[in-house]
Amino acid sequence: MARSSTRISLADVARATGTVMGNFDSAAVGKALGGFASTYIGGDAHPNVADISECLFFSPGDGRIWLQDQRMVLLHTEALGSLRREMVDSLGTKQARGLFTRAGYVSGARDAQLVRKQWPDADPSAAAIAGTRLHALEGVVKVELVQVVYDAKSGSYEGEFLWHNSSEDDEHIAAYGIGGSPACWMQVGYATGYVSTLFGRLIVFRETQCRSMGDAHCRVIGKSADQWDDIEEDMRYLNAREFVDTAAYARPEPDAAELPSASASAGDAMVGASSAFNAACHQLSRVARTSATVLFTGESGVGKEKFASMLHKISPRKSQPFIAVNCAAIPETLIESELFGVERGAYTGASVSRPGRFERASGGTLFLDEIGTLSFVAQGKLLRALQEGEIERVGGTRSIPVDVRVVAATNETLRQAVREGKFREDLFFRLNVFPIHLPPLRERRDDIPLLMNHFLNHYRRKHACNVRGYSQAAVRTLLNYDFPGNIRELQNLVERAVIMADVGGLIDVHHLFTSGETLSPDVMTLRLQEGSDTLNLAATTAQAAATVAVPSRSSPSPLSLEQTEQAMLQRAIAASQGNLSAAARLLNTSRAKLAYRAKKHKLV
Ligand SMILES: [Zn+2]
């Protein structure tokens with residue numbers, strides 16, 4: 001075990017301190033659960049209070065507290081209160097509220113990922129309730145459920161909760177007394193992050209009553225973004241910068257077929273609320289007002305061109321041209337004349353003089369994607385343009401002054417290219433004035449539900465396919481997927497799925513990853529993981545591997561997840577002569593989990 005062996009579970013703490021366990025499962029929760037369309041969640045539905053409490057580990061030996069695999073801290077609410085006060089006083093209420101809302105969002109999204117990972121089979125409503133229990137376990141607020149209506153068919157969600165003993169209200173009232181607006185900013189962010197991540201679509205929570213406004217308790221209402229009339233105000237706090245796209249969440253018309261096709265391409269929208277995304281946005285707005293050269297780095301598909309064009313749009317050069325060049329797409333022999341233009345007679349075929357991209361971008365921004373692929377000669381000319389603000393056309397003798405802001409992007413490490421002698425060091429330093437790293441999607445997972453929501457809206461408009469939303473299995477799959485192709489891959493998956501899915505139906509896993517194609521190793525691995533979150537395949541021992549054959553990735557007819565799981569269970573049970581405990585050991589899981597799954601597949 002990687003972590004310290006001195007672990008104290010919550011139950012141990014409770015025993016030691018005399019705390020009563022499980023009392024945060026309010027009776028009202030059970031009573032109110034009638035609100036769930038057809039599901040009753042009894043005390044046994046997983047994850048229950050005891051399951052959730054078991055996720056918390058104290059490891060004082062090495063100074064860590066864990067909530068499953070997330071590191072936590074115990075922080076005095078008064079310390080949080082003073083942080084809050086300082087932020088409000090120095091940044092203003094609006095800014096501070098935004099910061100806390102976004103921090104809450106990240107926290108909620110993480111907790112939803114934990115529940116998804118830990119209880120992949122949990123009923124959606126039980127998984128939703130788990131969020132209220134986690135929030136209570138974390139000491140933030142006691143949640144009483146008034147009603148929740150979740151329609152699995154349409155994916156629509158509406159929830160109403162009462163919040164008691166809100167820690168944020170305690171601190172807010174202590175500092176500012178009773179006021180005119182709600183103050184549970186982080187908690188609202190948490191609820192939005194949790195439920196949106198769980199259902200794979202943006203569900204916006206709003207506090208309609210708050211203790212900080214003199215009410216006896218806080219009342220919060222959560223609805224799908226398209227069910228609120230006006231979410232501009234809510235989104236203002238979720239988005240770090242004004243240029244982050246709010247229209248992306250706008251209410252789609254009920255009948256997509258009547259809509260004109262979306263005018264802006266999906267590529268234009270900037271969508272996200274994760275801390276990694278926000279950090280990049282902050283940097284972008286800092287440097288936009290200057291003329292400094294910006295270098296975007298990051299894997300392909302992370303949206304470097306999107307950031308570059310946004311940089312232009314929010315800069316003083318916005319009314320001038322934005323010219324984008326993908327250096328890798330232009331043959332080496334042509335790149336020079338493309339960038340710097342050509343004089344008549346420079347070479348055979350150059351019958352007329354023409355300006356290059358540099359001249360065409362005059363006064364505006366020139367975006368050079370895949371800058372690492374530039375030839376040495378072109379690198380030298382580019383350096384000169386950056387240093388002296390002038391260029392020379394191919395075959396020309398005259399220097400032409402240019403006023404161009406150069407923005408470059410690379411998905412390889414230029415530093416490495418410099419070391420290997422493939423890229424000029426002086427040019428590298430010129431370009432690297434203001435580097436902005438764009439993280440891969442797997443490092444900003446909190447944004448996946450927002451992006452899913454955004455692309456779904458975009459493509460159902462574009463293709464006039466009125467798909468309702470994502471199935472639970474599809475949400476789970478996308479949340480667990482690694483996205484080697486980053487945002488572009490997610491975008492492509494959603495576009496295809498919107499076309500594949502039935503009108504009025506939900507997007508399911510097989511719409512995202514069609515079975516007709518040869519599955520990429522990633523998807524196959526994903527499918528295996530998807531079924532094996534509790535049957536830990538990765539940890540399967542050599543002994544198990546000998547008896548439990550995992551289908552080969554190049555298997556001609558890919559097995560479905562269900563079939564794969566069933567085959568594995570069958571073999572493990574057979575190899576253990578029907579002894580479920582032994583079979584569970586073989587698959588590195590618990591007997592209870594194995595028994596549950598075996599029963600599901602009617603193997604016992
Ligand atoms: Zn409140």
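Values in this document were obtained by computation on a predicted structure and should not be read as measured data.

### With respect to the overall build of the chain
Part 1 of the reasoning: For the chain, the count of helices and strands is 25 helices and 17 strands.
Part 2 of the reasoning: Taking all 604 residues of the chain together, 51% fall into the buried category.
Part 3 of the reasoning: In the chain, the share of contacts with a sequence separation of at least 24, taken over all contacts with a separation of at least 6, comes to 72%.
Part 4 of the reasoning: Within the structure as shown, the chain displays about 27,200 Å² of accessible surface, and the carbon and sulfur contribution to it stands at 51%.

### Details of the coordination of the zinc ion
Part 1 of the reasoning: Around the zinc ion, the protein supplies Asp-169 (OD), Cys-184 (SG), Glu-207 (OE), Cys-210 (SG) and Cys-218 (SG) as donor atoms, at distances of 2.0 to 2.4 Å.
Part 2 of the reasoning: Within one chain, the residues donating to the zinc ion are spaced in sequence as D-x14-C-x22-E-x2-C-x7-C. Taken together, the residues span a long stretch of sequence, with Cys-184 in the loop between helix H7 (167-176) and helix H8 (185-199) and Glu-207 in strand E7 (residues 203-209) at a distance of 23 residues. Residue Cys-184 shares its accessibility class with Glu-207, and that shared class is buried.

### Quick look at the side chain of Arg-405
Part 1 of the reasoning: Note that Arg-405 resides in strand E14 (residues 405-410).
Part 2 of the reasoning: Look at Arg-405: it is buried, it has no salt bridge, and the nearest opposite charge is Asp-403 at 9.4 Å.
Part 3 of the reasoning: Within polar-contact distance, the side chain of Arg-405 engages the backbone oxygen of Ala-292 at 2.8 Å.
Part 4 of the reasoning: When residues no more than four places from it in sequence are discounted, the contact partners of Arg-405 are Val-287, Ala-288, Thr-290, Ser-291, Ala-292, Val-294, Leu-311, Ser-315, Arg-317, Gly-364, Thr-365 and Leu-366.

### Considering the packing of helix H4 (residues 77-91) against helix H5 (residues 93-118)
Part 1 of the reasoning: At a minimum axis separation of 6 Å, H4 and H5 run at an interaxial angle of 135 degrees. Relative to H5, the element H4 lies oblique. Residues Arg-84, Met-87, Val-88 and Leu-91 of H4 form the contact with H5, whose participating residues are Thr-93, Gln-95, Ala-96, Leu-99 and Phe-100.
Part 2 of the reasoning: Here the contact of H4 with H5 is composed, by residue class, of 6 nonpolar, 2 polar and 1 charged.

### Side note on unusual backbone geometry
Part 1 of the reasoning: One non-glycine residue, Ala-464, lies in positive phi territory at about 50 degrees.
Part 2 of the reasoning: For Ala-464, the location among the structural elements is in the loop between helix H17 (448-462) and strand E16 (469-470).
Part 3 of the reasoning: In this structure, Phe-483 takes a positive phi of about 50 degrees despite not being glycine.
Part 4 of the reasoning: When you line up the elements, Phe-483 lands in the loop between helix H18 (472-480) and helix H19 (486-500).
Part 5 of the reasoning: Since its relative accessible area comes to 0%, Phe-483 is described here as buried.

### A closer look at the pairing of strand E11 (residues 365-369)
Part 1 of the reasoning: Among the 5 residues in E11, 5 count as buried, and that is most of the element.
Part 2 of the reasoning: Side chains Thr-365, Phe-367 and Asp-369 project from E11 onto one buried face, and the interleaved Leu-366 and Leu-368 project onto a second face that is buried too.
Part 3 of the reasoning: For strand E10 (residues 322-326) and E11, the ladder comprises 5 bridges, and the chain directions are parallel. Bridge pairing links Phe-322 to Thr-365 in E11.
Part 4 of the reasoning: As paired strands, E11 and E14 are joined by 4 bridges and run parallel to one another. Each residue of the ladder has a partner; that of Phe-367, found in E14, is Val-407.

### Here we look at the sheet that holds strand E9 (residues 294-297)
Part 1 of the reasoning: The strand order across the open sheet formed by 5 strands is E10-E11-E14-E9-E15, and the pairing between neighbours is parallel. Where the open sheet ends on each side, the last strands, each with one partner, are E10 and strand E15 (434-437). On average, adjacent strands in this sheet sit at an angle of 20 degrees to one another, irrespective of strand direction.

### Focus: the sheet that holds strand E6 (residues 156-164)
Part 1 of the reasoning: If you trace the 4 strands from one edge of the open sheet to the other, you get E5-E6-E8-E7, paired in antiparallel fashion. Looking at which strands have only one partner, the edges of the open sheet turn out to be strand E5 (142-151) and E7. When the angles between neighbouring strand axes are averaged without regard to direction, this sheet yields 15 degrees.
Part 2 of the reasoning: The pairing of E6 with strand E8 (residues 218-224) spans 6 bridges and is antiparallel. Opposite Gly-159, over in E8, you have Gly-222 as the bridge partner.
Part 3 of the reasoning: Of the strands in this sheet, E5, E6, E7 and E8 touch H8, which is tilted by about 150 degrees from E7.

### So, the packing of aromatic side chains
Part 1 of the reasoning: For the structure on display, the rule yields 14 aromatic pairs.
Part 2 of the reasoning: An angle of 15 degrees between the planes, with centres 6.4 Å apart, marks the rings of Phe-322 and Phe-367 as stacked. Residue Phe-322 is located in strand E10, and its partner Phe-367 is located in strand E11; the two are separated by 45 residues in the primary sequence.
Part 3 of the reasoning: Using a relative accessible area of 24% as the deciding quantity, one classes Phe-322 as partly exposed.
Part 4 of the reasoning: Since its relative accessible area comes to 0%, Phe-367 is described here as buried.
Part 5 of the reasoning: Among the aromatic residues, ring-to-ring pairing joins Tyr-150, Tyr-157, Phe-161, Phe-199 and Phe-205 into one connected group.
Part 6 of the reasoning: In this arrangement the basic side chain of Lys-223 is found over the ring face of Trp-228, its NZ or CZ atom lying 4.5 Å from the centre.

### A word on the side chain of Asn-48
Part 1 of the reasoning: Relative to the elements of secondary structure, Asn-48 occurs in the loop between helix H2 (27-32) and helix H3 (49-53).
Part 2 of the reasoning: Engagement of the side chain of Asn-48 in a polar contact is seen with the backbone nitrogen of Ala-50, the distance being 3.1 Å.

Conventions and cut-offs
- Residues numbered from 1 in each chain as written.
- Predicted model: local features only at pLDDT ≥ 70, side-chain atom pairs only at ≥ 80, totals over all residues.
- Heavy atoms only, no water.
- Helix = DSSP H or I, 4+ residues; strand = E, 2+ residues; numbered from the N terminus.
- Buried < 20%, exposed > 50% of the residue type's maximum accessible area, 1.4 Å probe, protein only.
- Contact = heavy atoms within 4.5 Å.
- Areas by Shrake-Rupley, 256 points an atom, 1.4 Å probe, with all protein chains shown as cover.
- Donors = N, O, S within 2.8 Å, 3.2 Å for Na, K, Ca; no water.
- Lys, Arg positive; Asp, Glu negative; His and termini not counted.
- Salt bridge = Lys/Arg side-chain N within 4 Å of Asp/Glu carboxyl O.
- Polar contact = N/O pair within 3.5 Å; in protein donor to acceptor, adjacent residues only side chain to side chain.
- Axes fitted to C-alpha atoms, helices over the stretch in contact; angles between N-to-C directions.
- Parallel < 35°, antiparallel > 145°, perpendicular 65-115°, else oblique.
- Nonpolar A, V, L, I, M, F, W, Y, C, P; charged D, E, K, R; others polar.
- Pairing = 2+ DSSP bridges.
- Phe/Tyr/Trp six-rings, centres within 6.5 Å; stacked < 30°, edge-to-face > 60°.
- Lys NZ or Arg CZ within 6 Å of the ring centre and 35° of its normal.

From the geometry alone we can't say anything about function, so treat these as descriptive.
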